[in-house]
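# Residue-level structure breakdown
Next come the chains, spelled out residue by residue.
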Amino acid sequence: MAEDFAKAVEDGLKLAKRIHLGKDKAVMTAPKPLSPPVRGLADYYLPSAPMVYAVISDPRFVDNPDFPSYQPHVYGRCDPPALIPLQMSGVDLEVNCYGDTAFVQISGKWRVHCVMGSHSCDCRIAVPMGNQGSILGVEVDLPKKSYYTELVGLEESKCIEKIAIPQDGGFMKPHIFVLTIPQVDGGTNMSIKLRWSQKLLYNDGQFTLTVPFSFPEYVTPAVRKISKKEKIQLNVNSGIVTGILCKATSHPLKETKRHAEKFSFLYESEVLTWSKTDFSFSYSVSSSNMLGGVLLQSPPLYDHDQRDMFCVYLLPGSQKSTEVFKKEVVFVIDITDSMQGRPLEATKNAISSAMSKLGPEDSFNIITFSSETSLFSTSMELASKEAIERATTWLSTKSTVEGSTCISIPLEHAYEMLSNTSGSIPMIFLITDGAVEDERNICDQMEKRLKNSGSLCPRIHTFGIGSFCNHYFLRMLAMIGRGEFDAVCDLDLIDNRIQKLFSNAFSTVLADITVDAFNDHEQIEVYSSRIPDLSFESPLTICGRYEGSFPNTLKAKGILGDLSSFVMDLKIVRAKDIPLDRVLARQEIDLLTAQAWLWENKQLEQKVAQLSKVTCNISEYTRMVLLEKNKIDKAIESSGAQKVKKTDPHKIKDPLAPRKTLLQSLSVGFGDLTATAENIRPGFKEPKLPDAAEVFLKATSNCCGRMCNRCCCMCCIQCCSKMNDQCAIVLTQIFTALAFIGCIECCTLCCGQDGQ
């Protein structure tokens, strides 16, 4: 889908050359593509900031809506439709950061500058998001209508009749959300508000935020006299961490407010062209030691769970002199036939790189699996240079094989290898692209084993490739094993993300973490049953709910890399200016969904659905809908007028109610056993539409087959005043499913004449 989108934008920029903007105004031209070695053509035309495109099927309607000009006649239609980037006349970026979570809102104005005023076109919005971005909502305001997105429960979604096709609403890539607004008139000014959340990166005591905000030159209005105002508002509330130091920023921000753990910045300027760089900002926490705290907050009135919320956070500090753990590592790799190509090669590269980072006192092993299991060594190997070279050579000879996916046996092998370790932290890394039938049993068995393993039992880190593996099984397995979970659906990101997972695990500085009150207080519910380890690479957040009073004092305990004990007092603060329900929503939804899957708990499913709807976070138990509100109807409603229609009273629908369109499912699902069994290769799922020529030939297979001398296609009307039932059905199929075939209209010229 991404490649098709990029090609459509390239075609749209070429088509935009038809737009004449007057003698003193520039003509829109396509940019010169970057050389492929620097950046692929597809990546170049994908949005690097929020964008809006005119969806052009009929190129005859491409023109300046204000100054119509003579245009050479264009034959045919764009199949698939071209995408012309709309010009932007204003943009406001507002970012609110709380801890390691950022809420981003971009408000902008775009104009349909490329379609005749007497015609209309669909407009496609594309929203690229930053690190671990999650779309929260889209609002569109037009002169006569308004649109907005909303999440509804699965049962309610079944009652919605209109369903959008995949390219009209969904993820073009895992980090790029697209939404199509239907039939916007040429010359219309569109006011659009986009909201999403994303994570800040953390490294060596420093938080870094990066927001996609690099606009291509061709979205700048060609009319130079139009005022172009760019505004950026940044608010940071770190919670209870003081001593914050601002390090770097991409835009000339001016500090407007600072108070202890909170500060604000503003940038506002008239510009000649829009921002050419992503907005980035970084700040550091001055403490060099580990620190932590607890945030408490009462639930909002709309919250389905009226228990109070808490959030425990731990920061590793910026001093890397703290000793990390000695490691014993087993890599467990899926090599079924579906991993063929980029998935397996990227996995091999990441593992080779990870082995090179092990110290000589560390040890490792590799297990590959499909329906059978293969071991690099019958026992753990010290990470000497010679052993790593042998392992790299052995791994390079491994290729994909046909067969089913079996996870339990290699996982048992890995656990047995690490069951008798001492003085080190044992780690299992499971990498797979498939789902298996005994996933719940695997979780149950591993939980029983790990509970009886004592201190520093094996950690289980999981990584999923594609959407056919069960992300919630892998998340639950990592939760049980005090490890981390990550997954990618974009195959280009496999190597980078796996290495990030390895890097986080290898830099563990505090293990076997416990919080004293959690085990003794029955009124406290912690969403993560086993607290994961703390790494230099990322802060740790533990969330949950409680009833009654929260303890006045709290201590976090753990084991350091030198195997000594560590105790830390946690400062407890009542969070006033932090929307804790929104900050924790994504983590809460993911953890509760994994538990609902494992226990097959309907009450948890309902709880997740309710939380999803009130916080606007996508979940497995909700669907996103696009609502259309007619402003004319709203004006009639406010004036007290009523519309009276003679119709069946049992079928009456509120004419003032927003019209709803159900978007395609935006969640990842719970794996696909059939696709795994058939060894279908992973990738971002793209439902394929029927080939145009194939559908057309199939639809006209029962037609008369006579050729019209004025038409370039098979004429199903038989070029006469008569039309049988079969032709009527075929014609309906063509008009609804293949409206983009440009020769249909000329059939009407033949009516009453014999075909030749």
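Look above for the structure.
For the structure given in this document, a descriptive report is provided here.

Cut-offs used in this document
- Each chain carries its own residue numbering, running from 1 in the written order of its sequence.
- Only residues with pLDDT of at least 70 are given local features in this predicted model, and only at 80 or more are side-chain atom pairs given and counted; all residues enter the totals for whole chains, interfaces and linings.
- To obtain the side-chain values, all non-hydrogen atoms of the structure were used and water was disregarded.
- A helix here means a DSSP run of H or I that spans at least four residues, while a strand means a run of E at least two residues long, and both kinds are numbered starting from the N terminus.
- One fewer than the residue count of a helix, multiplied by 1.5 Å, yields its expected span.
- A simple rule labels every residue: compare its accessible area, found with a 1.4 Å probe on the protein chains alone, to the largest value its type can have, and call it buried under 20%, exposed over 50%, or partly exposed in between.
- By the convention used here, residues are in contact when the closest approach between their heavy atoms is within 4.5 Å.
- Any Lys or Arg side-chain nitrogen located within 4 Å of an Asp or Glu carboxyl oxygen qualifies as a salt bridge.
- Positive residues here are Lys and Arg, negative ones are Asp and Glu, while His and the chain termini are left out of the count.
- Any pair of nitrogen or oxygen atoms within 3.5 Å is treated as a polar contact; in protein, a donor-acceptor pairing is required on top of that, and neighbouring residues in sequence qualify only through side-chain atoms on both sides.
- Here a strand pair is declared whenever DSSP counts at least two bridges between the two strands.
- Note on terminology: a nonpolar core comprises buried Ala, Val, Leu, Ile, Met, Phe, Trp, Tyr and Cys residues joined through side-chain atoms within 4.5 Å.
- What counts as an axis is a line fitted to C-alpha atoms, over the stretch in contact for a helix, and the angles between N-to-C directions run from 0 to 180 degrees.
- Any pair of cysteine sulfurs within 2.5 Å is marked as a disulfide.

## So, helix H12 (residues 585-599)
Since the α-helix turns once every 3.6 residues, residues separated by three or four places project in the same direction. The terminal C-alpha atoms of H12, which comprises 15 residues, lie 21 Å apart, in line with the 21 Å expected from a rise of 1.5 Å per residue. Of all 15 residues in H12, twelve are buried; the element is thus mostly enclosed. Of the residues making up H12, those classed as buried are Ala-585, Glu-588, Ile-589, Asp-590, Leu-591, Leu-592, Thr-593, Ala-594, Gln-595, Ala-596, Trp-597 and Leu-598. If you follow the buried residues of H12, they end up packed against helix H7 (439-451), helix H8 (471-480), strand E31 (540-546), helix H11 (580-583) and helix H13 (602-615). Note on H12: the residue one or two positions beyond its end, Glu-600, has a positive phi of about 50°.

## Concerning the pattern of salt bridges
A complete count under the given rule lists 36 salt bridges for this structure. Note that Glu-525 and Arg-307 form a salt bridge whose closest N and O atoms lie 2.6 Å from each other. Of the two residues, Glu-525 sits in strand E29 (residues 524-526) while Arg-307 sits in the loop between strand E19 (291-297) and strand E20 (308-315), which places them 218 residues apart along the sequence. In the salt-bridge network here, residues are joined through shared partners; they are Asp-305, Arg-307, Glu-525 and Lys-607.

## Notes on the side chain of Glu-328
Mapping Glu-328 onto the fold places it in strand E21 (residues 327-334). Although buried, Glu-328 forms no salt bridge, and the nearest oppositely charged side chain, Lys-326, lies 5.9 Å from it. Separated by 3.5 Å, the side chains of Glu-328 and Ser-363 make a polar contact. Setting aside residues up to four positions removed in sequence, Glu-328 forms contacts with Ser-363, Met-380, Leu-418, Thr-421, Ser-422, Ser-424, Ile-425, Pro-426 and Met-427.

## Comments concerning the pairing of strand E36 (residues 659-662)
Of the strand pairs in this sheet, strand E8 (residues 162-163) and E36 are connected by two bridges, and their pairing is parallel. Residue pairing for E36: Ile-163 is matched across the bridge by Leu-662. Bridging between strand E35 (residues 622-630) and E36 involves four bridges; their strand directions are antiparallel. Bridged to Leu-626 within E36 is Thr-661.

## Quick look at the nonpolar core
With 93 residues, the main nonpolar core has Val-95, Phe-177, Met-190, Leu-234 and Phe-279 as its most contacted residues. Examining the composition of this core, we find that seven residues originate from one element, helix H1 (residues 2-15), more than from any other. Not counting residues up to four positions away in its chain, the partners in contact with Met-190 are Val-52, Leu-86, Gly-108, Lys-109, Trp-110, Val-112, Cys-123, Val-140, Asp-141, Leu-142 and Val-184. Formed by 56 residues, the second largest nonpolar core is a distinct cluster that contains Val-436, Phe-473, Met-479 and Leu-598.

## Here we look at the sheet that holds strand E13 (residues 206-211)
With antiparallel pairing, four strands are arranged side by side in an open sheet as E12-E13-E18-E15. Either end of the sheet is taken by a strand with one partner, and the two such strands are strand E12 (201-203) and strand E15 (244-249). The average undirected angle you get between the axes of adjacent strands in this sheet is 20°. Direction of pairing for E15 relative to strand E18 (residues 279-285): antiparallel, over a ladder of five bridges. When the sheet's bridge partners are listed, Ala-248 is paired in E18 with Ser-282.

## Let's talk about the state of the cysteines
Across all of its chains, the model carries zero disulfides by this definition. Looking at the unpaired Cys-543, the closest cysteine sulfur is the one in Cys-311, lying at 6.9 Å.

## Regarding the sheet that holds strand E2 (residues 82-85)
The sheet built from five strands is open, its strands ordered E2-E1-E5-E10-E9 with antiparallel pairing. Of all the strands in the sheet, just E2 and strand E9 (169-173) have a single pairing partner and so form its edges. The mean angle between the axes of side-by-side strands here comes to 35°, regardless of whether they run parallel or antiparallel. Here strand E5 (residues 120-128) pairs with strand E10 (residues 176-185) via eight bridges, running antiparallel. Residue pairing across strands places Cys-121 opposite Val-184, the latter belonging to E10. The strands that H1 touches are strand E1 (51-56), E2, E5 and E9; relative to E2, the one it contacts most, it runs at about 65°.

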